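Observations on chain architecture
Below, each chain spelled out in residue letters.
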Amino acid sequence: MTDMPIYLHFLYSTLATVGFSIFLNSPVSTLLPAGITGGVGWAIFYYLMLVSSNSIFSNFIAAAIVSLMSEILARKLKHPAILFVIPGIIPLVPGLGMYNTMLYLVQGNYDLAIATGADVLFVASAIALGVLVITSLSRTISIFKIVKKAAK
């Protein structure tokens, strides 16, 4: 992690998220909200890493917050939540860990490859679980609202 202030982390991850949104052909009206979602997710991840140094916990909480923001934005802006979730979690993806895992494998350093690969799998699982928990909770609440409305 670099010694930049957290607001620069937010700014750069926001710009990166907007770039990925453009790459994924998101509508222009969703670029800034998606960027802010990714920026907030990375800033929370960065802060939690400074406080706890636990990458799995930090990624889970950051992904859950990105997913929560995405669900809220989806309802407010009347777009699918996936337009905000996918670009929003891109800054959290452990790309360096994946690269290092492959590098260690090519170099024949199997102990480091297994350790790094396991960490990457746990981090990726934490990101997926963070999104899954919030999305499932959101869908459950929506179903309860529909059932309650139909019962009246």
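Each remark here, short or long, concerns the structure printed above.
A few points on the structure. Worth saying up front: this structure is predicted, and the values here are computed from it rather than measured. (Residues numbered from 1 in each chain as written. Predicted model: local features only at pLDDT ≥ 70, side-chain atom pairs only at ≥ 80, totals over all residues. Heavy atoms only, no water.)

1. Concerning the overall build of the protein chain
Counting its secondary structure elements, the protein chain contains six helices and zero strands. Start at the N end of the protein chain and walk to the C end: the helices and strands fall as α-α-α-α-α-α. Pairs at least 24 apart in sequence give 63% of the contacts found in the protein chain among residues at least 6 apart. Here the protein chain displays about 9,200 Å² of accessible surface, and carbon together with sulfur accounts for 74% of that area. Between the averaged position of the 8 positive side-chain charges in the protein chain and that of its 4 negative side-chain charges there is a distance of 35 Å. (Helix = DSSP H or I, 4+ residues; strand = E, 2+ residues; numbered from the N terminus. Contact = heavy atoms within 4.5 Å. Areas by Shrake-Rupley, 256 points an atom, 1.4 Å probe, with all protein chains shown as cover. Lys, Arg positive; Asp, Glu negative; His and termini not counted. Charge placed at Lys NZ, Arg CZ, Asp CG, Glu CD.)

2. Brief notes about a nonpolar patch on the surface
A cluster of nonpolar side chains, contributed by Phe10, Leu11, Tyr12, Leu15, Leu32 and Ile36, occupies part of the molecular surface with about 560 Å² of accessible area. Counting residues per element, the nonpolar patch draws most heavily on helix 1 (residues 6-23), which supplies four residues. Exposure remark for Ile36: the relative accessible area of 34% places this residue in the partly exposed category. (Patch = residues over 30% accessible without salt bridge, like charges linked within 9 Å, V, L, I, M, F, W, Y side chains within 5 Å. Salt bridge = Lys/Arg side-chain N within 4 Å of Asp/Glu carboxyl O. Buried < 20%, exposed > 50% of the residue type's maximum accessible area, 1.4 Å probe, protein only.)

3. Regarding the packing of aromatic side chains
Taken as a whole, this structure holds one aromatic pair when the rule is applied. Residues Trp42 and Phe45 carry aromatic rings whose centres are separated by 4.9 Å and whose planes lie at 45 degrees to one another, so their mutual orientation is tilted. Here Phe45 and Trp42 lie together in helix 2 (residues 31-52), a separation of three residues that amounts to about one turn. (Phe/Tyr/Trp six-rings, centres within 6.5 Å; stacked < 30°, edge-to-face > 60°.)

4. Things to note about helix 3 (residues 55-77)
Given a rise of 1.5 Å per residue, 23 residues ought to cover 33 Å, and the 32 Å separating the end C-alpha atoms of helix 3 matches this to within 8%. Of the positions making up helix 3, those classed as buried are Ser55, Ser58, Asn59, Ala62, Ala63, Ala64, Val66, Ser67, Ser70, Glu71, Leu73 and Ala74. Lining the buried residues of helix 3 we find helix 2, helix 4 (82-89) and helix 6 (110-151). A distance of 3.2 Å separates the backbone nitrogen of Ile56 from a side-chain oxygen at the start of helix 3, and that oxygen is part of Asn54. (Expected span 1.5 Å × (residues − 1). Polar contact = N/O pair within 3.5 Å; in protein donor to acceptor, adjacent residues only side chain to side chain.)

5. Here we look at the environment of Asp119
Topologically, Asp119 is positioned in helix 6. Assessed through its relative accessible area of 37%, Asp119 is described here as partly exposed.

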